[in-house]
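The chain contents come next:
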Amino acid sequence: MKRFPLTLIAALITPSVFANGADLIFTNADVVTVTGENARAQAVAIKDGNIVAVGSNQEILKQKGKETHVRDLQGKTLAPGFIDSHGHFAQYLPLIESEFLYPAPMGNVNSLEDINKQMSAYFARPDLDKDIIHVAFGYDDAELKEKRHPTKDDLDKFSGDYNFCAVHISGHLATCNSKGLEFIGFNNQTPNPDGGVIRRDANGDLTGVLEESAVYAILGNLPQMSQEDAIRRFGKVQDMYASYGITTTQEGLATIPALKAMKIMAENNLMKIDLLAYAKWLDLDEAVKLMPMKSTINGFTLAGVKMVGDGSPQGKTAYLSTPYYEPPHSHAYDYHGYPVLNQEEMNHWVETAYKMNAQILSHSNGDASADILLNAVERADEKLGKEDRRTVVIHAQTTRFDQVKRMQENEMIPSFFPAHTYFWGDFHKSSVLGPWRASNISPMGWANSNDLMFTIHMDAPVLFPDMMTNMWSAVNRVTRSGETLGEHHKITPYQALEAVTINAAYQNFEETTKGTIEVGKRADFVVLDSNPLEVAPLDINQIQVLETIKDGKTVFQRNQG
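Residues numbered from 1 in each chain as written. Predicted model: local features only at pLDDT ≥ 70, side-chain atom pairs only at ≥ 80, totals over all residues. Heavy atoms only, no water.

**Details of the nonpolar core**
If you look at soluble globular proteins, the nonpolar side chains tend to sit buried side by side.
Okay, step 1: Ranked by internal contacts, the top residues of the largest apolar core, which has 128 residues, are Leu210, Leu259, Met262 and Val350.
Okay, step 2: When neighbours within four sequence positions are excluded, methionine 262 is seen to be in contact with Ala90, Phe234, Glu251, Ala254, Leu275, Ala277 and Phe300.
Okay, step 3: Judged by nonpolar contacts, the second largest core, of 17 residues, contains Leu24, Val31, Val54 and Leu78. (Core = buried A, V, L, I, M, F, W, Y, C linked by side-chain atoms within 4.5 Å. Buried < 20%, exposed > 50% of the residue type's maximum accessible area, 1.4 Å probe, protein only. Contact = heavy atoms within 4.5 Å.)

Okay, here's the thing in structure tokens:
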């Protein structure tokens, strides 16, 4: 695409265009336009929520009218608002006021004793309801001192008569106490659901640990929120996303109750940032009855469908083509995970989505799962014809080099999860994948060498939607132990910034309105205290989001007092 010099763009907009001038002008900014690695400006003018001029202070101040508000950013960095290319906004609604069991550095739960201590305090509260299921999120067996999942017996020690489940940091596993298992309808005679496992001990008794689709029973039994509760939580979740500089986010596995809740919020003009929802594949028919595919209500869009092809690498449920380095619990040496959707099922859902003009997001952590998706896409393209569908491979963690080539040929977009290199990189190397495969996790270098556009994400609430940590991980690929995992897959800070702005906008079919600071685009910005393209790469995660601006209006401002 041809780019005009910024000074020329500014010159094309004259004061006579606006009777009262711009609404807002930012001056003395370090404007990173993301229109080229070295493209910079000093000032930006905004009118009616859109960018109307970009250039030098002198040029842009020509847009000043009697009612124009001029803000001096005093050298702070102004970048396009961040776009969350994959996450689960609605999953925060039941969690935002619940307990989080994250390990360091996000939290302080690093042992079973820590879980016991935190949750004992929770269950000592006098106001708890014994007729609902209580859920905590974020424990990580890979980081617990005991290197195992808690069992129902562990949870029974502190949970008393309350129904309780602790959800794994991946969201793909969970552990319930005895009362919780009973509450969701599981006992020793309950068969494994399709695409899931209810773990049992050598005697056939439930351990409390659930895998993949077995976890859905917890979600189906969460308490209903009142409208007042939903509005309060919805606001808190939006505020949390905005605090990370995010102006467009995603619900990447929207159930019907979640879609209904988000639609009601949008209809009541409660959206502060834009939100794209991808309906759970099994709910697709009902979802389009709720609102037409690709329709938008006040910033809320039903954008497509989400399939789940397999599980979690750190949970050792991702579907690999070769065995895990160390098989989990009682599995044989040749265990390599399992699919959630087999080839026949994936073929059906890809074709169904194509016929409904629904963009596909498909979770594929393991390379065997990615093969199933690629086969289904190629089959559907041959049957129904190629179009600009921008099918997204979510996570694409163990994607092989040959699969990167196939994705490029099929005009697909991998959305990588490079923060795995820090949070689980050592574990992947020593236990999950082994040294060579671990070094090629989230293979952004292979994508670059094949001109394959990609995005990067944090998969919130697996990790907080912290875009600076997201970029830092992709640029440095440093593990908890300080090792570089996959030097050849590092990307530059500018490529990381593209991945959370213009590339993410392209993934969402919004590249003409978002993702860069250019005339005609929406005035979605993030103000940073330092420029991620100029600080030392290892310092990118220290950069603070000072302000988030959506359509020219501030939706988050950090207290700098």
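Picking up where we left off.
**Brief notes about the environment of glycine 138**
Okay, step 1: Its place among the elements puts glycine 138 in strand β10 (residues 133-139).
Okay, step 2: Overall, the relative accessible area of 0% leaves glycine 138 in the buried class.
Okay, step 3: With near-sequence residues (within four places) excluded, glycine 138 lies in contact with Leu101, Tyr102, Pro103, Val167, His168 and Ile169. (Helix = DSSP H or I, 4+ residues; strand = E, 2+ residues; numbered from the N terminus.)

**Looking at helix α7 (residues 227-243)**
Okay, step 1: Compared with the 24 Å implied by 1.5 Å per residue over 17 residues, the 24 Å span of α7 between its first and last C-alpha is a close match.
Okay, step 2: By the burial criterion, the buried members of α7 are Ala230, Arg233, Phe234, Gly235, Val237, Gln238, Met240, Tyr241, Ala242 and Ser243.
Okay, step 3: In this fold, the buried residues of α7 make contact with β15 (246-254), α8 (256-267), β24 (545-550) and β25 (553-557).
Okay, step 4: Once α7 ends, the next one or two residues include glycine 245, with phi positive near 85 degrees. (Expected span 1.5 Å × (residues − 1).)

**Here we look at the UniProt feature "domain: Amidohydrolase" (unreviewed entry) in the protein**
Okay, step 1: Taking the UniProt record as the reference, the feature "domain: Amidohydrolase" (unreviewed entry) is found at residues 70-556.
Okay, step 2: With 31% helix and 20% strand, the stretch residues 70-556 has end C-alpha atoms that lie 19 Å from each other. (UniProt positions renumbered as here; feature names shortened; annotations may be inferred.)

**Some words on the packing of aromatic side chains**
Okay, step 1: All chains considered together, the criterion is met by 20 aromatic pairs.
Okay, step 2: A network of ring pairs unites the aromatic residues Tyr122, Phe123, Phe158, Tyr162 and Phe164 as a single cluster.
Okay, step 3: Looking at lysine 280, its charged tip hangs above the ring of tryptophan 281, at a distance of 5.9 Å from the centre.
Okay, step 4: Of note, arginine 389 hangs over the ring of tyrosine 354, and the distance from its end group to the ring centre comes to 3.7 Å. (Phe/Tyr/Trp six-rings, centres within 6.5 Å; stacked < 30°, edge-to-face > 60°. Lys NZ or Arg CZ within 6 Å of the ring centre and 35° of its normal.)

**Structural notes on the pairing of strand β13 (residues 196-200)**
Okay, step 1: Pairing between β13 and strand β14 (residues 206-212): four bridges, direction antiparallel. Within the sheet, the bridge partner assigned to glycine 196 lies in β14 and is glutamate 212.
Okay, step 2: In this antiparallel pair of consecutive strands, β13 and β14, the connection spans five residues, and glycine 204 shows a positive phi of 85 degrees. (Pairing = 2+ DSSP bridges.)

**Digging into the packing of helix α10 (residues 343-355) against helix α11 (residues 367-384)**
Okay, step 1: Running from amino to carboxyl end, α10 crosses α11 at an angle of 45 degrees, the nearest separation of the two axes being 9 Å. Judged on the interaxial angle alone, α11 and α10 are oblique. By crossing handedness, the relation of α10 to α11 is classed as right-handed. Across from Gln343, Met346, Asn347, Val350, Glu351, Tyr354 and Lys355 in α10, the residues of α11 making contact are Asp371, Ile372, Leu373, Asn375, Ala376, Val377, Arg379, Ala380, Asp381, Lys383 and Leu384.
Okay, step 2: Of the residues belonging to the contact of α10 with α11, the class tally is nine nonpolar, three polar and six charged. (Axes fitted to C-alpha atoms, helices over the stretch in contact; angles between N-to-C directions. Parallel < 35°, antiparallel > 145°, perpendicular 65-115°, else oblique. Left-handed = near helix turned anticlockwise from the far one by under 90°. Nonpolar A, V, L, I, M, F, W, Y, C, P; charged D, E, K, R; others polar.)

**Details of the sheet that holds strand β1 (residues 24-27)**
Okay, step 1: The four strands lie next to each other as β5-β4-β1-β6, forming an open sheet whose pairing is mixed. Where the open sheet ends on each side, the last strands, each with one partner, are β5 (50-55) and β6 (69-72). Averaged over neighbouring strand pairs, the angle between their axes works out to 15 degrees when direction is ignored.
Okay, step 2: Note: strand β4 (residues 43-47) against β5, five bridges, orientation antiparallel. Within β5, the position partnered with alanine 43 by the bridge is glycine 55.

**Here we look at the sheet that holds strand β12 (residues 173-176)**
Okay, step 1: Strand order across the open sheet formed by six strands is β9-β10-β11-β12-β14-β13, with mixed pairing between neighbours. Both edges of this open sheet fall to β9 (99-100) and β13, since each of them pairs with a single strand only.
Okay, step 2: Summarising the sheet, β10 and strand β11 (residues 163-168) pair through six bridges and their orientation is parallel. Opposite phenylalanine 137, over in β11, you have valine 167 as the bridge partner.
Okay, step 3: Relative to the sheet, helix α4 (residues 152-159) contacts β11, β12 and β14, its axis offset from that of β12 by approximately 50 degrees.

**Focus: the pattern of salt bridges**
Okay, step 1: Considering all chains together, one arrives at 37 salt bridges under this definition.
Okay, step 2: Here lysine 47 and aspartate 23 are joined by a salt bridge, their closest N and O atoms 3.6 Å apart. Placement of lysine 47 in strand β4 and of aspartate 23 in the loop between α1 (6-12) and β1 is noted, with a sequence separation of 24 residues between them.
Okay, step 3: For lysine 47, a relative accessible area of 17% gives the class buried.
Okay, step 4: When its relative accessible area of 33% is taken as the criterion, aspartate 23 is described as partly exposed.
Okay, step 5: For glutamate 487, the salt bridge identified is with lysine 490, shortest N-O distance 3.2 Å.
Okay, step 6: Judged by relative accessible area, lysine 490 falls into the partly exposed class, the value being 28%.
Okay, step 7: Residues joined by salt bridges that share partners form a network here, namely Asp274, Glu510, Lys514, Arg522, Asp524, Lys550 and Asp551. (Salt bridge = Lys/Arg side-chain N within 4 Å of Asp/Glu carboxyl O.)

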